[in-house]
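# Descriptive analysis of the structure
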Amino acid sequence: MIEYSKQNKKAWEFNAYDFWYQQCAPEKRANADMHNPLGQLKRYADYFEQFEDVRVANICGSCGKKAVPLALLGADVTIFDISEDNKRYALEVAEKANAKIDFQVCDILEIDMKTYADSFDVVFMEGGILHYFHDINQFMSIMYALLKNNGKMICSDFHPFTKIVDTLGLEQKTIGYFSTDVFEGEMAHARFFDDETRKQIPLCSYRKYTISEIINAVIINGFVLKQFDEHPAWENTNVPGEFTLIAVKE
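Residues numbered from 1 in each chain as written. Predicted model: local features only at pLDDT ≥ 70, side-chain atom pairs only at ≥ 80, totals over all residues. Heavy atoms only, no water.

## Here's the deal with the overall build of the protein chain
Each helix and strand counted, the protein chain has 10 helices and 9 strands in total. The globule rule puts the C-alpha radius of gyration for 250 residues at 18 Å, and the 17 Å found for the protein chain is close to it. With respect to the three principal axes, the spread of C-alpha positions in the protein chain is 45 × 40 × 40 Å. Put simply, the protein chain has 250 residues, and 54% of those count as buried. Sequence-distant contacts in the protein chain: of pairs separated by 6 or more residues, those separated by 24 or more amount to 68%. Carbon and sulfur atoms make up 46% of the accessible area of the protein chain, which totals about 11,500 Å². Of note, the protein chain has its 26 positive side-chain charges centred 1 Å away from the centre of its 38 negative side-chain charges. (Helix = DSSP H or I, 4+ residues; strand = E, 2+ residues; numbered from the N terminus. Rg over C-alpha atoms; globule rule 2.2 N^0.38 Å. Buried < 20%, exposed > 50% of the residue type's maximum accessible area, 1.4 Å probe, protein only. Contact = heavy atoms within 4.5 Å. Areas by Shrake-Rupley, 256 points an atom, 1.4 Å probe, with all protein chains shown as cover. Lys, Arg positive; Asp, Glu negative; His and termini not counted. Charge placed at Lys NZ, Arg CZ, Asp CG, Glu CD.)

Structure (structure tokens):
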């Protein structure tokens, strides 16, 4: 495993299961997923042409909050994520929802391509993951390799504007927009812990990208860019908070 991935793994396995459980017990999460799986996907539902029998690689799928609804809608979902704690929670939710998902705990940059190359109809990621990878070209080359011909990547992430302004209120370090620095910062939900616990959480290693770096990495690695949507910040809708990029392996 790459050295900085080991660091990020420590952060994402620090009380992660307990955190997800306190946020929403697996049975409660499962009931919500079963009641309205399409609604649980939120805006991302519109980027899927269909769900039934679509093979989906959910990249850094975390606690399964999107994988389980996708499975309930008929997709064949494999989560790739670095955290054993995330796996434990996601599989408990899936079991209680009577949904079948596969969960591979691994470094995304070391996915077993003998098993998974050219295997998926869709690679899907959301919730802010690109900054965990120091080489976006390497990351995009792996996404391309996972897809079947004519497969689609749905990449939703924090808007690069958040490099300079914390529009999402994540309490993370801001830097110059064009900075290429790698730096350490708190993991995404550290802000929800009490101060003493927060100090104990291992830091993550980040590299944040500009819009052009993201789009160019997609194009350079063989994708055909189909769509780029910008979404407002969660509270202040006058500024960008997230984006969704659609690209195809032709």
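Following the structure, the description resumes.
## Structural notes on the environment of T115
One can find T115 in helix α7 (residues 113–116). Under the relative-accessibility criterion, T115 is labelled partly exposed at 43%. Through-space distance from the C-alpha of T115 to that of L146 is 9.7 Å; in sequence the pair is 31 residues apart. A polar atom in the side chain of T115 sits 2.7 Å from the side chain of D112. (Polar contact = N/O pair within 3.5 Å; in protein donor to acceptor, adjacent residues only side chain to side chain.)

## Some thoughts on the packing of helix α3 (residues 26–35) against helix α6 (residues 84–96)
Between α3 and α6, the least distance of the axes is 8 Å, while the angle of their chain directions is 55°. Relative to α6, α3 is oriented oblique. When the axes of α3 and α6 are compared, the crossing they make is right-handed. Seen from α3, the contacting residues are P26, E27, R29, A30, D33 and M34; seen from α6, they are Y89, E92, V93 and K96. Of the residues contributing to the contact of α3 with α6, the split by class is 5 nonpolar, no polar and 5 charged. (Axes fitted to C-alpha atoms, helices over the stretch in contact; angles between N-to-C directions. Parallel < 35°, antiparallel > 145°, perpendicular 65-115°, else oblique. Left-handed = near helix turned anticlockwise from the far one by under 90°. Nonpolar A, V, L, I, M, F, W, Y, C, P; charged D, E, K, R; others polar.)

## Some thoughts on the nonpolar core
Membership of the largest hydrophobic core comes to 81 residues, with the highest contact counts inside it found for I59, F139, M140, M143 and M153. If you tally residues by element for this core, the top one is helix α8 (residues 136–146), at 6 residues. Not counting residues within four places of it along the chain, the set of residues in contact with M153 comprises V123, M125, M140, M143, L147, V218, F223, L245, I246 and A247. (Core = buried A, V, L, I, M, F, W, Y, C linked by side-chain atoms within 4.5 Å.)

## Regarding the state of the cysteines
The final tally for this structure, using the stated rule, is 0 disulfides. Here C155 is not cross-linked by a disulfide; its sulfur's nearest cysteine counterpart is in C60, at 10 Å. Sulfur of C204: no disulfide; nearest cysteine sulfur belongs to C60 and is 11 Å away. (Disulfide = S-S within 2.5 Å.)

## A word on the sheet that holds strand β5 (residues 147–158)
In space, the 7 strands of this open sheet follow the order β3-β2-β1-β4-β5-β9-β8, with mixed pairing throughout. Of all the strands in the sheet, just β3 (101–105) and β8 (224–232) have a single pairing partner and so form its edges. Neighbour to neighbour, the strand axes of the sheet diverge by 15° on average, direction disregarded. Across 5 bridges, the pairing between strand β4 (residues 120–125) and β5 is parallel. Counted as the bridge partner of V122 is K152 from β5. Set on the sheet, α8 makes contact with β1 (55–59), β4 and β5; between it and β5 the angle comes to about 140°. (Pairing = 2+ DSSP bridges.)

## Let's talk about the packing of aromatic side chains
Scanning all chains against the criterion turns up 19 aromatic pairs. Over the face of the ring belonging to Y17 we find R88, whose NZ or CZ atom lies 3.6 Å from the ring centre. A cation over a ring is seen here: K249 above Y144, with NZ or CZ 4.7 Å from the ring centre. (Phe/Tyr/Trp six-rings, centres within 6.5 Å; stacked < 30°, edge-to-face > 60°. Lys NZ or Arg CZ within 6 Å of the ring centre and 35° of its normal.)

## A few points about the side chain of K163
Here K163 lies in the loop between β5 and β6 (182–185). One buried charged residue, K163, forms no salt bridge at all, with the nearest opposite charge on E213 at 4.8 Å. With near-sequence residues (within four places) excluded, K163 lies in contact with T174, I175, G176, Y177, F178, S179, K208, Y209 and T210. (Salt bridge = Lys/Arg side-chain N within 4 Å of Asp/Glu carboxyl O.)

## Some points on the packing of α8 against helix α10 (residues 211–220)
The geometry of α8 relative to α10 is characterised by a closest axis approach of 9 Å and an angle of 45° between their N-to-C directions. As the angle between them shows, α8 and α10 are arranged oblique. Judged by the twist between their axes, the crossing of α8 over α10 is right-handed. Mapping the contact onto sequence places I136, N137 and M140 in α8 and E213, I214, A217, V218 and I220 in α10.

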